[in-house]
Amino acid sequence: YTPPGYSSARKYPVLYLLHGASGDEKTWVQSVRADAILDNLYAEKKLVPMIVVMPSCLPADAREQAGDSREAKARAGRAFSEVLLRDLIPFVEAKYPALSGREHRALAGLSMGAGLAFSTGLTHPETFAWVGAFSGGSTRRLADRLRADFSSTDRQLRLLWLSVGDSDNLMLEGMMSADAFLTEKKITHTFRINDGGHEPEVWKNDLYHFAPLLFQGAR
């Protein structure tokens, strides 16, 4: 997705949006309507112009082998973190007029993609300064992920966002635990509880409120 007035003559920050275990690279557009949400936010003059990349987090063969198993898909999806860092980001920054540097990269996802964004973002603050987890990510192995050094100003996250639906039977407890853990560790973050369950209506609301916070005051 490119913003209104997109031109190769200027450079843009990049938001990477990751899908869930039951989705693919089309989920953010077909189910969440991310393009329409962003279009409306631009019309309301609420967004910093940005490129949005919505990749597939699962290889075709892994998706086929996993079948209907969410757990198997989640396991296969964890390998995408390395692909994102090693292959996708360099590809995007070589092919598109994308700004490089952590201040100009954001990473967010829903469900399985949220857990992946949460884990990758927290362990690579040198790569991303803006991280969002929509209905995914918990205290499971969180202490290990927080071994990343946030002490220096050039590694502190500009935004760490967690959100979940108030009737999400899959992730509500885990997300509340993650919020409590981060609060205990005095790590600055935003935690939002939406009306709804583990569903696109919640993620639409998340994107609408999350995207305008990105890249504000980026150096």
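Here we summarise the structure given alongside this text.

Calculation criteria
Residues numbered from 1 in each chain as written. Predicted model: local features only at pLDDT ≥ 70, side-chain atom pairs only at ≥ 80, totals over all residues. Heavy atoms only, no water. Helix = DSSP H or I, 4+ residues; strand = E, 2+ residues; numbered from the N terminus. Buried < 20%, exposed > 50% of the residue type's maximum accessible area, 1.4 Å probe, protein only. Pairing = 2+ DSSP bridges. Polar contact = N/O pair within 3.5 Å; in protein donor to acceptor, adjacent residues only side chain to side chain. Contact = heavy atoms within 4.5 Å. Core = buried A, V, L, I, M, F, W, Y, C linked by side-chain atoms within 4.5 Å. Axes fitted to C-alpha atoms, helices over the stretch in contact; angles between N-to-C directions. Left-handed = near helix turned anticlockwise from the far one by under 90°. Nonpolar A, V, L, I, M, F, W, Y, C, P; charged D, E, K, R; others polar. Phe/Tyr/Trp six-rings, centres within 6.5 Å; stacked < 30°, edge-to-face > 60°. Expected span 1.5 Å × (residues − 1).

Structural notes on the environment of Ala9
Logical step 1: When you line up the elements, Ala9 lands in the segment before β1 (14-18).
Logical step 2: Owing to a relative accessible area of 76%, Ala9 belongs among the exposed residues under this scheme.
Logical step 3: Considering only alpha carbons, one finds Ala9 and Pro97, 88 residues apart in sequence, at a separation of 7.7 Å.

A few points about the pairing of strand β5 (residues 159-165)
Logical step 1: The buried fraction of β5 amounts to seven of the seven residues, a majority that puts the element mostly inside the structure.
Logical step 2: Burial along β5 is two-sided: the face carrying Leu159, Trp161, Ser163 and Gly165 and the face carrying Leu160, Leu162 and Val164 are both buried.
Logical step 3: Where strand β4 (residues 130-134) and β5 come together, five bridges link them in parallel fashion. Across the sheet, Val131 pairs through a bridge with Leu160, a residue of β5.
Logical step 4: Of the pairings in the sheet, the one linking β5 to strand β6 (residues 190-194) comprises five bridges and is parallel in character.

So, the side chain of Ser135
Logical step 1: The topology assignment puts Ser135 in the loop between β4 and α7 (142-145).
Logical step 2: Classification of Ser135 as buried rests on a relative accessible area of 0%.
Logical step 3: A polar atom in the side chain of Ser135 sits 2.9 Å from the side chain of Trp203.
Logical step 4: Residue contacts for Ser135: discarding those within four places in its chain leaves Ser111, Ala114, Ser163, Val164, Gly165, Asp168, Met171, Met175, His198, Val202 and Trp203.

Observations concerning the nonpolar core
Logical step 1: Counting 34 residues, the largest nonpolar core has Tyr16, Leu84 and Leu160 as the members making the most contacts within it.
Logical step 2: At the level of secondary structure, the elements contributing two or more residues to this core comprise β1, β2 (51-53), α5 (80-95), α6 (112-123), β4, β5 and α8 (172-184).
Logical step 3: With six residues, the top contributor of residues to this core is α6.
Logical step 4: Leu160 has contacts with Phe118, Leu122, Val131, Leu182, Ile187, Thr188, His189 and Thr190, leaving out every residue within four places of it along the chain.
Logical step 5: If you look at the next biggest cluster of nonpolar residues, it comprises 28 residues, including Leu41, Ala129, Phe134 and Trp203.

A look at the packing of helix α2 (residues 34-43) against helix α9 (residues 200-210)
Logical step 1: Two elements in contact, α2 and α9, have axes separated by 10 Å at closest approach and are oriented at 35°. Note on packing geometry: the crossing formed by α2 with α9 is right-handed. Taken together, the residues of α9 that come into contact with α2 (itself represented by Ala34, Ile37 and Leu41) are Lys204, Leu207 and Tyr208.
Logical step 2: Of the residues belonging to the contact of α2 with α9, the class tally is five nonpolar, no polar and one charged.

Section: unusual backbone geometry
Logical step 1: The phi torsion at Arg33 lies on the positive side, around 60°, for a residue other than glycine.
Logical step 2: Position of Arg33 relative to the elements: it lies in the loop between α1 (27-30) and α2.
Logical step 3: For Arg33, a relative accessible area of 43% translates into the label partly exposed.
Logical step 4: For Phe215, which is not a glycine, the phi torsion comes out positive at approximately 65°.
Logical step 5: Among the structural elements, Phe215 can be located in the segment after α9.
Logical step 6: You can call Phe215 buried: its relative accessible area is 5%.

Comments concerning the packing of aromatic side chains
Logical step 1: Enumeration according to the criterion identifies six aromatic pairs in this entry.
Logical step 2: Judged by centre distance (5.4 Å) and plane angle (80°), the ring pair of Phe134 and Phe210 falls under edge-to-face. Here Phe134, found in strand β4, pairs with Phe210, found in helix α9; they are 76 residues apart in sequence, far enough to count as distant.
Logical step 3: On the basis of relative accessibility, which here comes to 0%, the residue Phe210 falls in the buried class.
Logical step 4: Pairwise contacts between aromatic rings join Trp28, Phe134, Trp161 and Phe210 into one cluster.

Structural notes on α6
Logical step 1: Helix length check: α6, at 12 residues, gives a terminal C-alpha distance of 17 Å against a target of 16 Å (1.5 Å per residue), a fit within 8%.
Logical step 2: Most of α6 sits inside the fold, with nine of its 12 residues counted as buried.

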